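Structural characterization, general
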Amino acid sequence: MNASEVHQLLGAYLLGGLDPVDLKSFEDHLRECAQCREELSRLEKVPVLLDAVPVPDAVALTAVPSGVAVPPAAAVPVTLLAKLASRRRQVRRRWAALAGAVAAACLAVGLSVSPLLSRAPQPDASYSVQSSGGLQFSIDLARKTWGTELAVNGSSLPSDGTLSLWVRDRAGGEDRACAWTATPSGRVKVTGATPIQLGSISSVELRDGTQHAVAVITVP
């Protein structure tokens, strides 16, 4: 990729969506490009806003009525992600959702995010751990007819490689509830699922790419 193509990866880098090859290319570019560093600094709070915006509402907001001025901060990541989605057709749907979410989050800065906020159902159980090194990891468990839904929220997590969430039952069996690529910021908010019923869960483990346990939550 030339410098112009690498510059277009800023939006995906911000959201932790680059593969290892593109991640290295962009980080090398970032050390030399003051414009990208300034843009990244300006948009560093976008992931936090994304956490508060329901994706269906976010996608709906991308259809901006004529005559409505879109803040420059919204136009930049939307354009970047749109180009990236076109270049990687095999993940078109994923990037379309991200583009809509970024557009909605940036519009919320100039307008109001409050109409988009909705109260999530209360979980059946919640647990959290914090390490002396700053790692914070919390999980909400929701009982379902088919098993258990797990909502994960973490910060200061490993920033490279692949992370996965494993659920262990009281009989010694285990099931992988979800997995994701680590984000450069060390933050993550994902949802997983397991067929293990809530009452049968004995522990939940966050593991790195080598299957080493980064955090362990014991369920009483």
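The paragraphs below set out a description of the structure included in this document. This structure is a prediction, so every number in the text was calculated from the model and none was measured.

On to the nonpolar core, then. By size, the foremost hydrophobic cluster in this structure holds 24 residues, and its most contacted members are Phe137, Ile139, Leu150 and Leu165. Sorting the residues of this core by element identifies strand S2 (136–144), strand S3 (147–155), strand S4 (162–169), strand S5 (174–181), strand S7 (201–207) and strand S8 (213–218) as the ones contributing at least two each. Filtering out sequence-adjacent residues up to four positions away, Phe137 remains in contact with Tyr127, Ser128, Val129, Val152, Asn153, Gly154, Leu165, Leu206, Ala215 and Ile217. Formed by 13 residues, the second largest nonpolar core is a distinct cluster that contains Ala12, Leu14, Phe26 and Leu40.

In this section: the packing of aromatic side chains. The full count for this structure, using the stated rule, is one aromatic pair. Centre to centre, the rings of Tyr13 and Phe26 are 4.8 Å apart; their planes meet at 40°, and the pair counts as tilted. Of this pair, Tyr13 sits in helix H2 (residues 10–14) while Phe26 is found in helix H3 (residues 20–32), placing the two residues 13 residues apart along the sequence. Accessibility classification places Tyr13 together with Phe26 in one group, the buried group.

Another aspect to go through is the pattern of salt bridges. Counted under the stated rule, the structure contains seven salt bridges. Among the ionic pairs, Arg207 bridges to Glu205, the shortest N-O distance being 3.0 Å. Grouping residues by exposure puts Arg207 and Glu205 together as buried. Here the salt bridges share partners, and the residues they tie into one network are Arg168, Glu174, Glu205 and Arg207.

For the rest of this paragraph, the subject is the sheet that holds S4. Pairing is antiparallel in the open sheet, where four strands are placed in the order S5-S4-S7-S8. The sheet is open, and its two edges are formed by S5 and S8, each paired on a single side. When strand polarity is set aside, the average angle formed by the axes of neighbouring strands in this sheet is 15°. Note that S4 and S5 share seven bridges and pair antiparallel. If you follow Val167 over to S5, its bridge partner there is Asp175.

The pairing of S7 with S8 spans five bridges and is classified as antiparallel. By the bridge assignment, Leu206 is partnered in S8 with Ala215. Hairpin connection between S7 and S8: a loop of five residues separates the two successive antiparallel strands, and Gln211 in this loop has a positive phi of roughly 70°.

The rules behind the values
Residues numbered from 1 in each chain as written. Predicted model: local features only at pLDDT ≥ 70, side-chain atom pairs only at ≥ 80, totals over all residues. Heavy atoms only, no water. Core = buried A, V, L, I, M, F, W, Y, C linked by side-chain atoms within 4.5 Å. Buried < 20%, exposed > 50% of the residue type's maximum accessible area, 1.4 Å probe, protein only. Helix = DSSP H or I, 4+ residues; strand = E, 2+ residues; numbered from the N terminus. Contact = heavy atoms within 4.5 Å. Phe/Tyr/Trp six-rings, centres within 6.5 Å; stacked < 30°, edge-to-face > 60°. Salt bridge = Lys/Arg side-chain N within 4 Å of Asp/Glu carboxyl O. Pairing = 2+ DSSP bridges. Axes fitted to C-alpha atoms, helices over the stretch in contact; angles between N-to-C directions.

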